[in-house]
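Coordinates in review
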Amino acid sequence: MSETRKPWHGVIVATSLPFNDDLTVDFGAYGESVSWLAEQGLHGVAPSGSLGEYQTLTYEERDRVVEAAVANAPEGFTVMPGVGAYGGGEAQRHAQFAKDAGCQAVMCLPPNAYRADDRAVLEHFELVASVGLPVTAYNNPVDTKVDLRPELLAKLHAEGFIVGVKEFSGDVRRCYEISELAPGLDLMIGTDDTVLEVGIAGAKGWVAGYPQVFPQACLALYNASVTGDLETALPLYRQLHPVLRWDSKTEFIQAIKLGQEMIGRRGGACRPPRQALSPETEAVVRGATQALIDAGVN
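If you're wondering where the values come from, they're calculated on a predicted model, not measured in any experiment. (Residues numbered from 1 in each chain as written. Predicted model: local features only at pLDDT ≥ 70, side-chain atom pairs only at ≥ 80, totals over all residues. Heavy atoms only, no water.)

Here the UniProt-annotated "active site" (unreviewed entry) positions come out as Tyr138 and Lys166. Their sequence span is 29 residues, while the largest C-alpha to C-alpha distance among them is just 4.7 Å; these annotated residues converge on one region. Along the chain, Tyr138 turns up in strand β5 (residues 135-139). In this structure, Tyr138 is in contact with Ser50, Met107, Cys108, Leu109, Pro110, Leu148, Lys166 and Phe168, ignoring residues within four places of it in sequence. Mapped onto the secondary structure, Lys166 falls in strand β6 (residues 164-167). What makes Lys166 buried here is its relative accessible area of 6%. Not counting chain neighbours up to four residues away, the residues in contact with Lys166 comprise Met107, Ala137, Tyr138, Asn139, Met188, Ile189, Gly190 and Val207. (UniProt positions renumbered as here; feature names shortened; annotations may be inferred. Helix = DSSP H or I, 4+ residues; strand = E, 2+ residues; numbered from the N terminus. Contact = heavy atoms within 4.5 Å. Buried < 20%, exposed > 50% of the residue type's maximum accessible area, 1.4 Å probe, protein only.)

Per the stated rule, a full pass over the model turns up 2 aromatic pairs. Ring centres 6.1 Å apart and planes at 70 degrees place the aromatic pair Tyr138 and Phe168 in the edge-to-face group. Taken together, the residues span a long stretch of sequence, with Tyr138 in strand β5 and Phe168 in the loop between β6 and α7 (173-181) at a distance of 30 residues. Both rings, one in Trp206 and one in Tyr222, keep their centres 6.5 Å apart while their planes meet at 25 degrees; by these two values the pair is stacked. Of this pair, Trp206 sits in strand β8 (residues 205-208) while Tyr222 sits in helix α9 (residues 215-226), and the two are 16 residues apart along the sequence. As far as burial versus exposure is concerned, Trp206 and Tyr222 are alike and both buried. Between the NZ or CZ atom of Lys166 and the centre of the ring of Tyr138, over which it lies, the distance is 4.0 Å. (Phe/Tyr/Trp six-rings, centres within 6.5 Å; stacked < 30°, edge-to-face > 60°. Lys NZ or Arg CZ within 6 Å of the ring centre and 35° of its normal.)

Relative to the helices and strands, Lys145 is located in the loop between α5 (141-144) and α6 (150-158). For Lys145 and Tyr114, which are 31 residues apart along the polypeptide, the C-alpha to C-alpha distance reads 7.5 Å.

A few words now on unusual backbone geometry. The step from Pro272 to Pro273 runs through a cis peptide bond, and the omega angle for that step is 15 degrees. Located in the positive-phi region is Leu23, a residue other than glycine, with phi close to 70 degrees. Mapped onto the secondary structure, Leu23 falls in the loop between β1 (10-14) and α1 (27-39). The phi torsion at Lys145 lies on the positive side, around 65 degrees, for a residue other than glycine.

Sheet faces and side chains relate simply in a regular strand, where the side chains alternate between the two faces. The buried fraction of β1 is high, at 5 of 5 residues. Across 4 bridges, β1 lies against β8 in parallel orientation. Across the sheet, Ile12 pairs through a bridge with Val207, a residue of β8. As judged from the 3 bridges shared by β1 and strand β2 (residues 44-46), these two strands associate in the parallel manner. From the neighbouring strand, Ile12 faces β2, where its bridge partner is Gly44. (Pairing = 2+ DSSP bridges.)

Take the pattern of salt bridges next. With the rule as written, the count across this model stands at 12 salt bridges. A salt bridge links Lys155 to Glu159, with the nearest nitrogen and oxygen atoms 3.0 Å apart. In this structure Glu159 comes out as partly exposed when scored by relative accessible area, which is 40%. (Salt bridge = Lys/Arg side-chain N within 4 Å of Asp/Glu carboxyl O.)

To continue, consider the nonpolar core. If you look at the biggest cluster of nonpolar residues, it comprises 105 residues, and the most contacted ones within it are Phe125, Leu156, Ile162, Tyr210 and Phe214. Setting aside anything within four residues of it in sequence, one finds Phe214 in contact with Val243, Thr289, Leu292, Ile293, Val297 and Asn298. (Core = buried A, V, L, I, M, F, W, Y, C linked by side-chain atoms within 4.5 Å.)

When two helices pack together, their arrangement is captured by the angle between the axes and the distance separating the axes. Packing of α9 against helix α10 (residues 230-244) brings their axes to within 10 Å, and their N-to-C directions diverge by 135 degrees. Between α9 and α10, the interaxial angle falls into the category oblique. Where α9 crosses over α10, the two elements pack in a sense that is left-handed. In this structure, α9 contributes Ala217, Cys218, Ala220, Leu221, Ala224 and Ser225 to the contact, and α10 contributes Thr232, Ala233, Leu236, Tyr237, Leu240 and Leu244. (Axes fitted to C-alpha atoms, helices over the stretch in contact; angles between N-to-C directions. Parallel < 35°, antiparallel > 145°, perpendicular 65-115°, else oblique. Left-handed = near helix turned anticlockwise from the far one by under 90°.)

Dropping the structure here:
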């Protein structure tokens, strides 16, 4: 790892998880995917996040996914597992396993079994941080119903519980407030369809889905966005946006897995309760993805 890049900086791919026909996890295929992403020049992976269908995995499966990622990660390539769980003790347990397995950081959702208040959020992150690995918060108020507001993020950072935040609210305006209230907290792009906006707002990383389909184009877009190279970034962003926007939709996992299949990678089915894309939705995703493939985007 370069001296200037912290483990949670750069393009960290929120990896999808391949399943066998009987919906058991294909750990070998997952490990190969991690190796391929490293070969593409990306900076790391975040297994067992939302895109990795963590809610449907047993503890043993989550552990083995982390182990597969670490085993296939070359030197300097980050493994930052999601440790999302209903209970703080559960999340702490997943963080401890990640540390013992050799991971460099973890990504943590707030408690989301109910609309937790600030005290519950603070204790949750305190438990995870007590393990000793750097913690990046994952703010997804749409799905979790718990909003890590800028002032709450500042408190979490001041207490030493988090080093960064994957900002998935979609509200780019709050990125500037976060940097004002917590200048030392690293902002990370959380939605693929706000790469440019959050990139120029000062992002240090991108927890990303679509680099699994278009790794080189996404890497180029990220680099141009965070360096303010709008001449490069804007046309590429416009070109990619018809697929990037699917990262923020309910069908994001199915859409990205379809894209993986279309470029000859392993995508496949999701575990219940997620269903296959409807024919109408699949036609839209397939059309947008094929247009980029036909244009030579990779």
